[in-house]
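For reference, the chains in residue letters:
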Amino acid sequence: PLVADAEMLGTPDPELAATMGFSGFGKKARTFDLEAMFEQTRRTAVERSRKVLEAREREKEDQTEKEFRIPCTAASASSATRAGPTLTEREAVYSESEDNSNEELSGPSMQSQSSAKGPAEDTDDDDDEDEEFIGPPLPPGFKDSDDDNDNDDTEEEDNNPVKKIPDSHEITLQHGTKTVSALGLDPSGARLITGGYDYDVKFWDFAGMDASLQAFRSLQPCECHQIKSLQYSSTGDVILVVSGNSQAKVLDRDGFPVMECIKGDQYIVDMTNTKGHTAMLNSGCWHPKIKEEFLTCSNDGTVRTWDVNNEKKHKSVFKPRSVQGKRVIPTTCTYSRDGKLIAAACQDGSIQIWDRNMSVHTKFHCRQAHASGTDTSCLTFSYDGTLLASRGGDDTLKIWDIRQFKKPLNSADGLPSFFPMTDCCFSPDDKILVTGTSVKKGGGSGKLFFFYRETFQKLYEIEVTDASVVRCLWHPKLNQIMVGTGNGLAKVYYDPVKSQRGAKLCVVKTKRKERQAETLTQDYIITPHALPMFREPRQRSTRKQLEKDRLDPMKSHKPEPPVAGAGRGGRVGTHGVTLSSYIVKNIALDKTDDSNPREAILRHAKEAEENPYWVAPAYAK
């Protein structure tokens, strides 16, 4: 607007110009070709970044400075000559009115000025400029050495995957005393759920826990059935609970029931015609993309998909078959990462994979994946979706390419597994495969083994505890490893640097002080207009009142102590509550203790002699 005004006004009164502070009113307004300026800046930036890349490549190829400087100066000279004419045109645009005005040039012209001095000056500083980056200047005294160190570290980590395993710190969550057979983490990593052989499901909130590491909720959703599997849905708002009964349950985030699958008719032979499972469940999981759909497999020889909104009937049924075409029991099931395939491992040692939309024939299958008659405990797809890992009950861990499903890519044996839900999982970067081992009581420590995915070389092992390692879970967002053990512990391994949130949130919080039960205080009723005789004394402090109430046996509802010895005050003694036991205890039993039987008998000798009743009259005749 000022430029336009200046053109419109022409040459105004010099006094007005002095008052307004515009010294350059008398001259013609400068015009800027913004597009040309931006284009020139872009070209310069591209040219400079190309030079930086070239310099780096040359440095890798050849370390000697001589051979590095010669091509470098040649390249810079040519670039300077290329930049020369265009810059001089720009200079011509600016040069008018530069003598009189004190204003500096606007726009990104500092670098262009330095390179517009001419090819001769430019070549001297060119070696230094090659090392610089586009952007704001570096602070004084800054050297590139830190940057190089960081790069070295990341390169070293890439070369050595063991450095990526977050196991420098651990916390232990006490679930109970029996095996932790199920673990689940919500997608954000805020909450952990654990389930066990003690029928309990416990909820742990990392952000809400303090260093005492207590669960905030514990419930038994399936009464007296062991928990087989727990998993949060892809959105994290509901939880699938698979237990030892035939009906899977869905709970919300806080543990309240959302739906329960229907039980099938046990007397129908064809499993397709029943609405639900008729025997014990083995496993289950959520669809990775469709948040309402989940999958279960059961001892009735079927794999079924369900919709959360329809609990009356399954969506579809998949029936695995043995080589002879007979029914075979699936021990574990899973979806592929894109949700298009459904995989199940069966008791005859086979792994069978169906297209989710076609339930009749398998798309891929491998008959002798594991030993027949053993329970394959886990199937899991890699994050890139190409490979499938299987954890067998025959103490092996195998990895398969399902497109060439006849034999495994790699296999590791000597990994004992006693549980039908022993896990295996991939690391977040998809390069490491993790599984746990089982041990008998007193037979050493359960371990977590890490295998390199490509070669199946054993990279690392963690001794977890002196019981079996059943469940393991490596969360991609938190970069923390959760482990469920055979002695009721859930352990979380993390690294303060490499891991995010999760266990790091609760270990830093101090334990809360335990306060005395607040239920003892009686409500204080404020009645300002009551007569003095009815007015209660004002309470000074709740803590003091608590202590007073604790001492008052009536207010604190103190239970009466047990009766010692004979009963009193209308209460029967300790040995029984019936009248007969009371009589036996107090009347019928003589309480005198006769330690010397001879003295006890001779005590009655004098009386017997004076007044004979039994013996003497009988022998008198």
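Think of each chain on its own: its residues are numbered from 1, step by step along the sequence as written. Where totals are concerned, whole chains, interfaces and linings use all residues; where local detail is concerned, this predicted model gives features only for residues with pLDDT of at least 70, and gives and counts side-chain atom pairs only at 80 or more. Neither water nor hydrogens contribute to the side-chain values; these are computed over all heavy atoms in the structure.

**Q** Is there a simple way to think about the packing of aromatic side chains in this case?
**A** Between two aromatic rings, the relevant description is the distance of the centres plus the angle of the planes. Any two rings among Phe, Tyr and Trp, with Trp reduced to its six-membered ring, count as a pair given centres within 6.5 Å; such a pair is stacked if its planes are under 30 degrees apart, edge-to-face if over 60, and tilted if neither. Within this structure, the stated rule accounts for 10 aromatic pairs. Between Trp286 and Phe294, the aromatic rings sit 5.3 Å apart at their centres with planes inclined by 65°, giving edge-to-face as the arrangement. Take Trp286 and Phe294: they sit in the same class, and that class is buried. With 5.5 Å between their ring centres and 90° between their planes, Trp400 and Phe405 make a pair best called edge-to-face. There is no split in this pair, since Trp400 and Phe405 are both buried. In this scheme, the term charge over a ring applies when either NZ of a lysine or CZ of an arginine sits within 6 Å of the ring centre and within 35 degrees of the ring normal. Here the guanidinium or amino end of Arg337 rests over the ring plane of Tyr383, the centre of that ring lying 4.1 Å away. Whether a residue is buried, partly exposed or exposed follows from its accessible area with a 1.4 Å probe, protein chains only, as a fraction of its type maximum: under 20%, in between, or over 50%, in that order.

**Q** Quick question: what am I supposed to make of the UniProt feature "repeat: WD" (unreviewed entry) in the protein here?
**A** UniProt positions are given in the numbering used here, feature names are shortened, and annotations may be inferred rather than shown by experiment. Following the UniProt record, the feature "repeat: WD" (unreviewed entry) maps to residues 173–205, 274–316, 335–355 and 369–403 here. In DSSP terms, a helix is any run of H or I states spanning at least four residues, a strand is any run of E spanning at least two, and both are numbered starting from the N terminus. The span residues 335–355 is 0% helix and 57% strand, and its two end C-alpha atoms sit 10 Å from each other. The straight-line gap between the two end C-alpha atoms of residues 369–403 is 14 Å; of that span, 0% is helix and 40% is strand.

**Q** When you look at the pattern of salt bridges in this model, what are you seeing that I'm missing?
**A** Between side chains of opposite charge, a pair can form when the charged atoms approach closely. The term salt bridge refers to a side-chain nitrogen of Lys or Arg lying within 4 Å of a carboxyl oxygen of Asp or Glu. Overall, the coordinates contain 25 salt bridges when judged by the stated rule. For Arg403, the salt bridge is made with Asp401, and the minimal N-O distance between the two is 3.1 Å. The exposure class of Arg403 is exposed, given its relative accessible area of 60%. The salt bridge involving Asp430 is made with Arg453; its shortest N-O contact spans 3.2 Å. Taken together, the residues Asp430 in the loop between strand 22 (424–426) and strand 23 (432–436) and Arg453 in the loop between strand 24 (446–452) and strand 25 (458–465) connect sequence positions 23 residues apart. Across the pair, exposure class does not vary: Asp430 and Arg453 are buried alike.

**Q** Would you explain a nonpolar patch on the surface in this entry?
**A** There is a patch of nonpolar side chains on the surface, built from Tyr613, Trp614, Val615 and Tyr619 and spanning about 650 Å² of accessible area. The residue Val615 is located in helix 13 (residues 615–619) in this model. Residues enter a patch when their relative accessible area is above 30% and they make no salt bridge; the linking distance is 9 Å between like charges and 5 Å between nonpolar side chains (Val, Leu, Ile, Met, Phe, Trp, Tyr). For the area figures, the Shrake-Rupley method with a 1.4 Å probe applies, and any residue is considered shielded solely by the protein chains shown.

**Q** What is the right way to read the pairing of strand 20 (residues 397–401) from this model?
**A** Both faces of the sheet carry side chains from a regular strand, because those side chains alternate between them. Strand 20 sits mainly inside the fold: 5 of its 5 residues count as buried. Along strand 20, one buried face is formed by Leu397, Ile399 and Asp401 and the opposite face, lined by Lys398 and Trp400, is buried too. Note on pairing: two strands pair once DSSP finds at least 2 bridges between them. Here strand 19 (residues 387–391) runs beside strand 20; their pairing, made up of 5 bridges, is antiparallel. For Leu387, the partnering residue across the bridge sits in strand 20 and is Asp401. The antiparallel hairpin formed by strand 19 and strand 20 contains 5 residues in its connecting segment, where Asp395 sits at a positive phi of about 65°. Here 3 bridges tie strand 20 to strand 21 (residues 410–412), and the two strands are oriented antiparallel to one another.

**Q** I would appreciate a short explanation of the side chain of Asp205 in the present structure.
**A** Counting through the fold element by element, Asp205 comes out in strand 4 (residues 201–205). Within 3.5 Å is the distance limit for a polar contact, defined as a pair of N or O atoms, with the added protein rule that one can donate a hydrogen and the other accept it, and that residues adjacent in sequence qualify only through two side-chain atoms. Within the local environment of Asp205, its side chain forms a polar contact with the backbone nitrogen of Gly208, the two atoms lying 2.9 Å apart. Throughout, a residue-residue contact means that at least one pair of heavy atoms, one from each residue, lies within 4.5 Å. Those residues in contact with Asp205 that sit more than four places away from it in its chain are Ala190, Arg191 and Phe216.

**Q** Explanation requested: the sheet that holds strand 13 (residues 316–318) in the structure shown.
**A** What holds strands together in a sheet is hydrogen bonding between their backbones, with the strands either parallel or antiparallel. One open sheet holds the 4 strands; their spatial order is 10-11-12-13, and the pairing between them is antiparallel. Each edge of the sheet is formed by a strand with only one pairing partner; in this case those strands are strand 10 (281–286) and strand 13. Ignoring which end each strand starts from, the neighbouring axes of this sheet average 20° apart. Where strand 12 (residues 303–307) meets strand 13, 3 bridges bridge the pair, whose relative direction is antiparallel. Its bridge partner lying in strand 13, Val303 is registered against Phe318. Only C-alpha atoms enter the line fits that serve as axes; for helices the fit covers just the stretch in contact. Angles between N-to-C directions range over 0 to 180 degrees.

**Q** So what exactly am I meant to see when it comes to unusual backbone geometry here?
**A** Residues other than glycine predominantly adopt negative phi, and peptide bonds predominantly adopt the trans conformation. Non-glycine residue Glu223 carries a positive phi angle of around 45°. Structurally, the position occupied by Glu223 is in the loop between strand 5 (217–219) and strand 6 (227–232). Positive phi values are uncommon outside glycine, yet Asn479 reaches one of about 55°. By relative accessible area, which is 14% here, Asn479 ends up buried.

**Q** Got a minute to help me understand the confidence of the model for the protein in this structure?
**A** As a note on interpretation, predicted positions should not be read in detail where pLDDT is low. Per residue, pLDDT captures the predictor's confidence, and it can take any value from 0 to 100. Per-residue pLDDT for the protein has a mean of 77; in total, 73% of the residues score no lower than 70. Under a pLDDT of 50 for its full length, residues 1–12 has, in the predicted model, 7 contacts with residues more than four places off or in other chains. Every residue in residues 143–148 is under pLDDT 50, and counting partners more than four places away or in other chains gives 0 contacts.

**Q** Got a minute to help me understand the sheet that holds strand 15 (residues 341–346) in this structure?
**A** Within the open sheet, the 4 strands sit side by side as 14-15-16-17. Their pairing is antiparallel. Each edge of the sheet is formed by a strand with only one pairing partner; in this case those strands are strand 14 (330–335) and strand 17 (364–366). The average undirected angle you get between the axes of adjacent strands in this sheet is 15°. Alignment of strand 15 against strand 16 (residues 351–355), held across 5 bridges, turns out to be antiparallel. Within strand 16, the residue paired with Ala344 across the bridge is Gln352.

**Q** Quick question: what am I supposed to make of the nonpolar core here?
**A** Within soluble globular proteins, side chains that are nonpolar generally end up buried alongside one another. Residue types Ala, Val, Leu, Ile, Met, Phe, Trp, Tyr and Cys, when buried and joined through side-chain atoms within 4.5 Å, form a set referred to as a nonpolar core. Judged by nonpolar contacts, the single largest core of 17 residues is most densely connected at Ile171, Leu173, Leu192, Phe206, Met209, Met482 and Val492. Elements with a contribution of two residues or more to this core: strand 1 (169–174), strand 2 (180–185), strand 28 (489–494) and helix 8 (503–507). Leu448, Ile462, Cys472 and Tyr493 belong to the second largest nonpolar core, which has 15 residues in total.

**Q** Any chance you could explain helix 9 (residues 542–551) here in plain terms?
**A** Each full turn of the α-helix corresponds to 3.6 residues, which orients residues three or four apart in the same direction. Inspection of helix 9 places Gln545, Leu546 and Asp549 among the buried residues, and these make up the whole buried set. Take helix 9 and look down its axis: the buried residues cluster within an arc of 105°, on one side only. Exposed residues on helix 9 whose side chains face more than 90 degrees from its buried face are Arg543, Lys544, Lys548 and Leu551. Note that the arc is defined by the directions from the helix axis to the C-beta atoms.

**Q** Is there a simple way to think about the environment of Leu213 in this case?
**A** Here Leu213 is to be found in the loop between strand 4 and strand 5. Note on Leu213: relative accessible area 15%, which makes it buried. Linking Leu213 and Gln174, residues 39 residues apart in sequence, is a C-alpha distance of 8.2 Å. Sequence-distant contacts of Leu213, that is, excluding residues within four places in its chain, are made with Ile171, Thr172, Leu173, Trp204 and Cys506.

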